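# Working through the structure, step by step
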Amino acid sequence: MNKPFRVSIITHSEDLPSMTCDNFFHSTDLFRIVEKTPGQLPYMVIVWREEKIVAHMLATLRRRGAWIPPYMFTQGRVYGEGEYAEGEDKNELFELMLKAITRKLLRRLCLYIEFSDLSQKMFGYRVLRSEGYFPVQWMEIHNSLHSLSPQERINERMLQRIEHANEAGVLNKEVETEEEFYSFYRMLRQFFTLKIRRYLPPKKMFELLSDSGHVRLFVTTYKNKVIGGSCCVYSKNNAYLWYLASKRKSHPTLHPSAVTLWGAITHAAAQKYWHIYFMDVGLPFKKNRYRDFILRFGGKEVGTYRWFRFSLPWLNKFVGWFYRE
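We now turn to the structure provided with this report. Keep in mind it's a predicted model, so treat the numbers as computed, not measured.

## Digging into the pattern of salt bridges
Applying the stated criterion across every chain, the model contains twelve salt bridges. With a closest N to O distance of 3.7 Å, Asp280 and Arg306 form a salt bridge. Here Arg306 lies in strand β13 (residues 300-310) and Asp280 lies in strand β12 (residues 275-282), a separation of 26 residues in the sequence. When sorted by exposure, Asp280 lands in the same class as Arg306, which is buried. Salt bridges sharing common partners tie together Arg77, Glu114, Asp280 and Arg306.

See the structure below:
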C-alpha cells in the first residue's frame, strides 16, 4: 500500500531541502535568483512520500504595473508542470501541487495566475479546469538542431539578409563587459515599455541569470552601438529564447532582429543542444508578423494552451467566456 503524500511550500532558500533539479525553470538555482530579485517572490511546491521528494514545481509571484486600473497588481507565473521522480503518476502529483499553489497565491491577493510551456497540450486539462483555470489557444515554435544544421533550415532570402548585414559591420556576440550589459538592458526596457502584456524583469534578475551559468545574454552591435539583444536559457538538452529585442525601426536595412535571432540559434547549435524553443510567439492569429519571421529560420509550429485563472470570479468567468473554444 502506497504511503500518503504530503505537500509543502517553501518560500525561503534556507528552508530548501536537497533535491535533484534537471529543469532550470523548476530549480533551486532559479528559486534563489527570484528570491534576490526586487518585486518577486518564489514558491517551491514539494510533494513528499515519507522523506522522499517525488515532485516539485516552482512558481513566482511578480509585482507588476499597468497603464490601466489596477495600476499595480501581482501575477503568479509557472513555466511547465514541474519535475517528477521516475515512475510516479505525473497527473496525480500535478493535481496536488496545482491545488496547493492556487490556494497559496489567491490568499496573497494575486490578480491572476498563468501556466505556460506544458510538455503536452492536454496535460492537466481536467484538473486545471476543475480548479477554475481556462485555456487560451497559444502558438509555440521550436527549431530542431540535431538532424539538419541551421544553415540547411533557414530561408535563403533571410540568410542573404544576415550575410549582407554582417558585411556591413553588424555583429552578434555574447555580452562581455558591464557597458554592454547596461546597453543590453536599456534596449530591452525601451523595447518592452509599451508592450501591454510582456513583462520585463528588473535589471538585477538579468545580472543574476547571467552569473548562474544557465543563461547567456547576447547583443547585436553596429559601430559599437547595441541594436539588438537576446536572453537564452539552457536546460537539459534544449535552449529557450526567453527575450528578444532590437532597434529594427531605426535600423531597418541592417536587419538587427534577424542577426540577433540567428546568433542565438547558431550558438545553441554549436553547443550541441537538440532544440531551441521560442517561449512567447503569441496568440495564433492568422496574421502574426513575429511568428512568420521566426518560421523563416526553419522552425515548426505547435499549437498549445496557456492556462489562466483570475482571482475575481466575475472577471475569470468573463475572460474565460471571451476565450472559449
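This is not the end of the story, as more comes after the structure.
## Topic: the packing of helix α1 (residues 28-35) against helix α7 (residues 203-212)
At their nearest, the axes of α1 and α7 sit 9 Å apart, and the two run at 155 degrees to each other. By the angle between their directions, the pair α1 and α7 is classed as roughly antiparallel. Every pair of crossing elements has a handedness; the one defined by α1 and α7 is right-handed. In contact with Leu30, Ile33 and Val34 of α1, α7 contributes Met205, Leu208, Leu209 and Ser212. By residue class, the composition of the contact of α1 with α7 is six nonpolar, one polar and no charged.

## Observations concerning empty space enclosed by the protein
All chains considered together, the criterion is met by two cavities of 30 Å³ or more. Considering only enclosed or pocket space, the second largest cavity measures out at about 110 Å³ in volume. Together, 14 residues line the second largest cavity, and Leu30, Val34, Thr60, Arg62 and Tyr79 are the ones closest to its centre. Within the residue set of the lining of the second largest cavity, elements represented by two or more residues are α1, β3 (52-65) and β4 (72-79). Considering each element in turn, the lining of the second largest cavity owes the most residues, four residues, to β3. For the lining of the second largest cavity, a count of residues per class yields ten nonpolar, two polar and two charged.

## Considerations on the pairing of strand β6 (residues 112-116)
Taking burial as the measure, the five residues of β6 include five buried ones, the bulk of the element. Neither face of β6 is open: one carries Tyr112, Glu114 and Ser116, the other Ile113 and Phe115, and all of them are buried. Strand direction decides the pairing type here: β4 and β6, joined by five bridges, are parallel. When the bridges of β6 are listed, Tyr79 appears paired with Ser116. Across four bridges, β6 lies against β13 in antiparallel orientation. If you follow Ile113 over to β13, its bridge partner there is Arg309.

Analysis parameters
Counting restarts for each chain: residues are numbered from 1 in the order of the written sequence. This being a predicted model, a pLDDT of at least 70 is required before a residue's local features are given, and a value of 80 or more before pairs of side-chain atoms are given or counted; all residues contribute to the totals for chains, interfaces and linings. Hydrogens and water molecules were not included; the side-chain quantities draw on all heavy atoms of the structure. We define a salt bridge as a contact between a side-chain nitrogen of Lys or Arg and a carboxyl oxygen of Asp or Glu at a distance within 4 Å. Working definition: helices are DSSP H or I runs of at least four residues, strands are E runs of at least two. Numbering for both runs from the N terminus. Working definition: with a 1.4 Å probe on protein chains only, accessible area under 20% of the residue-type maximum means buried, over 50% means exposed, and in between means partly exposed. Fitted lines through C-alpha atoms serve as axes, helices being fitted only where they are in contact, and the angles separating the N-to-C directions of these axes extend from 0 to 180 degrees. An angle below 35 degrees is read as roughly parallel, one above 145 as roughly antiparallel, one from 65 to 115 as roughly perpendicular, and any other as oblique. By definition, any crossing whose near helix is turned counterclockwise from its far helix by less than a right angle is left-handed, and any crossing with a clockwise turn is right-handed. Whether two residues are in contact is decided by their heavy atoms, any of which lying within 4.5 Å being enough. When residue character is reported, Ala, Val, Leu, Ile, Met, Phe, Trp, Tyr, Cys and Pro are called nonpolar, Asp, Glu, Lys and Arg charged, and the others, Gly included, polar. Throughout, the protein atoms alone are placed on a 1 Å grid, and a set of points is a cavity if a 1.4 Å probe fits but cannot get out or a pocket if it is open with protein on both sides within 12 Å along at least five of seven lines; lining residues have an atom within 4 Å of a point. Grid points are joined across faces, edges and corners, and a volume is the space filled by probe spheres set on the points. Two strands are said to pair when DSSP picks up at least two bridges between them.

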